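Descriptive analysis of the structure
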Amino acid sequence: MSELREFADARAMNRALADAIVERLTAGVARNGRASLVVPGGTTPGDLFDVLATTDAPWKDVWVTLSDERWVDPASERSNERLIRTRLLKDKAAAARFVPLKTPQAHANAAEADTGAAIAAMPRPFDAVLLGLGNDGHTASLIPGADGLSRALDRSDAALTRAIRPPDNTGMGERITLTLHAILEARWIALLIRGAEKLDTYRKVSTGDDVLAAPVRAVLRQHAVPVTAYWAP
Ligand code: 6PG
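Definitions and cut-offs
Residues numbered from 1 in each chain as written. Predicted model: local features only at pLDDT ≥ 70, side-chain atom pairs only at ≥ 80, totals over all residues. Heavy atoms only, no water. Helix = DSSP H or I, 4+ residues; strand = E, 2+ residues; numbered from the N terminus. Rg over C-alpha atoms; globule rule 2.2 N^0.38 Å. Buried < 20%, exposed > 50% of the residue type's maximum accessible area, 1.4 Å probe, protein only. Contact = heavy atoms within 4.5 Å. Areas by Shrake-Rupley, 256 points an atom, 1.4 Å probe, with all protein chains shown as cover. Lys, Arg positive; Asp, Glu negative; His and termini not counted. Charge placed at Lys NZ, Arg CZ, Asp CG, Glu CD. Near = heavy atom within 4 Å. Polar contact = N/O pair within 3.5 Å; in protein donor to acceptor, adjacent residues only side chain to side chain. Nonpolar A, V, L, I, M, F, W, Y, C, P; charged D, E, K, R; others polar. Pairing = 2+ DSSP bridges. Axes fitted to C-alpha atoms, helices over the stretch in contact; angles between N-to-C directions. Phe/Tyr/Trp six-rings, centres within 6.5 Å; stacked < 30°, edge-to-face > 60°. Lys NZ or Arg CZ within 6 Å of the ring centre and 35° of its normal. Core = buried A, V, L, I, M, F, W, Y, C linked by side-chain atoms within 4.5 Å. 1 Å grid on protein atoms, 1.4 Å probe; cavity = no way out; pocket = protein on both sides within 12 Å on 5 of 7 lines; lining within 4 Å. Points joined across faces, edges and corners; volume = space filled by probe spheres on them.

Considering the overall build of the protein
Helix and strand counts for the protein come out as 8 helices and 10 strands. In terms of overall size, the protein behaves like a compact globule, its C-alpha atoms giving a radius of gyration of 16 Å where 233 residues would be expected to give roughly 17 Å. Based on the C-alpha atoms only, the size of the protein along its principal axes is roughly 40 × 40 × 35 Å. For the protein, buried positions account for 56% of its 233 residues. Across the protein, every contact between residues at least 6 apart in sequence was considered, and the portion connecting residues at least 24 apart equals 74%. Surface summary for the protein: the accessible area is close to 9700 Å², and the carbon and sulfur share equals 49%. Charge separation in the protein, taken as the distance between the mean sites of 29 positive and 29 negative side-chain charges, equals 3 Å.

Now the structure itself:
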């Protein structure tokens, strides 16, 4: 189940969310000598990353990876890796260790073994997992109707990453995603949402049981890991 925290503006939300993430990373390093952070791509988190990069998290002992990646060149405007490298891994956060999900292989399904092994080498359970939300009910690249979705949602499957092919009419293109199993191996999960439409989506997917129709429900409607949704207009 998730708790919703509403903020008056994005600046206040990003400050509170950055503080919460730093607290978790600091606790993780105090506990294990290293900590891990999962972040989403997309258009929403850039401003948060700018704030996070200036914080005093114990960055040199922090491992950062993505919730999901589009199968595009890391130099592409659409690359989530590019977003992380330009907006998060700078200032103080430049000391963090980044685990990319894009490999040189032509297709994401050929990269499941390598990316899974790279994620397996990270400190887990993840200390902090930040996720985005799509208005179609997706999170990470757990996308309704996609090829690969049921495998990625199957918690009895030990794989940490899975290739995803969204329906052609979405124009979303091939991707790789952390599996539900990997996402829920977390001490804390936050969902980053902005705007009236996403708040409406969040409310819709916070009830109901149809996970294939809105895969984010598999994260929101479980009881093992606390989830906090951060919202600002
Ligand atoms: C991606 C993501 C994805 C994203 C949501 C929200 O590569 O697109 O990681 O899961 O978080 O689609 O995206 P926006 O922030 O662009 O609305």
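Here's the deal with the site of the ligand
In the vicinity of the ligand, 15 residues are found, and the nearest of them are T43, T44, D68, H138 and K198. Between the ligand and T43, the relevant distance is 2.6 Å, taken from an oxygen atom to a side-chain nitrogen or oxygen of the residue. T44 places a polar side-chain atom, nitrogen or oxygen, 2.5 Å from an oxygen atom of the ligand. In isolation the ligand exposes 410 Å². Once the protein is present, 88% of that is buried. Grouping the amino acids of the shell around the ligand by side-chain chemistry returns 3 nonpolar, 8 polar and 4 charged.

Remarks on the sheet that holds strand β7 (residues 161-164)
Strand pairing in a sheet takes place through backbone hydrogen bonds and is either antiparallel or parallel in direction. Spatial ordering of the open sheet is given by β4-β8-β7, a layout of 3 strands whose pairing is antiparallel. In the strand order of this sheet, the two ends are held by β4 (68-70) and β7, each with one partner. Each neighbouring strand pair of the sheet contributes to a mean axis angle of 20°, computed without reference to strand direction. As defined by bridge partners, β4 adjoins strand β8 (residues 175-178) across 3 bridges and the pair is classed as antiparallel. Bridge assignment links E69 to a residue of β8, and that residue is I176.

Some remarks on the packing of aromatic side chains
With the rule as written, the count across this model stands at 1 aromatic pair. Pairing F7 with Y230 gives two aromatic rings, centres 5.9 Å apart and planes at 5°, and the pair type is stacked. Here the residue F7 occupies a position in the loop between β1 (2-6) and α1 (10-32), and Y230 occupies one in strand β10 (residues 227-232), the gap between them amounting to 223 residues. We note that F7, like Y230, is buried. Seen from the ring of W63, R97 lies directly overhead, with NZ or CZ sitting 4.3 Å from the centre.

A look at the nonpolar core
With 83 residues, the main nonpolar core has L37, I183 and I189 as its most contacted residues. If you tally residues by element for this core, the top one is α1, at 10 residues. Those residues in contact with I189, other than ones at most four positions away along the chain, are V129, L131, I183, L184, V219, V225, P226, V227 and T228.

Thoughts on the environment of P100
Along the chain, the position of P100 falls in the loop between β5 (97-99) and α4 (112-120). Between the C-alpha atoms of P100 and E69, which are 31 residues apart in sequence, the distance is 8.5 Å. In this structure P100 touches E81 and R85, once residues within four positions along its chain are discounted.

A closer look at the layout of surface pockets
Leftover empty space is mapped by rolling, across the atoms, a probe with the size of a water molecule. Of the volumes computed, that of the largest pocket is approximately 320 Å³. In this structure, the largest pocket is lined by 21 residues; those nearest its centre are G41, G42, T43, R70 and H138. Residue composition of the lining of the largest pocket, by class: 7 nonpolar, 10 polar and 4 charged.

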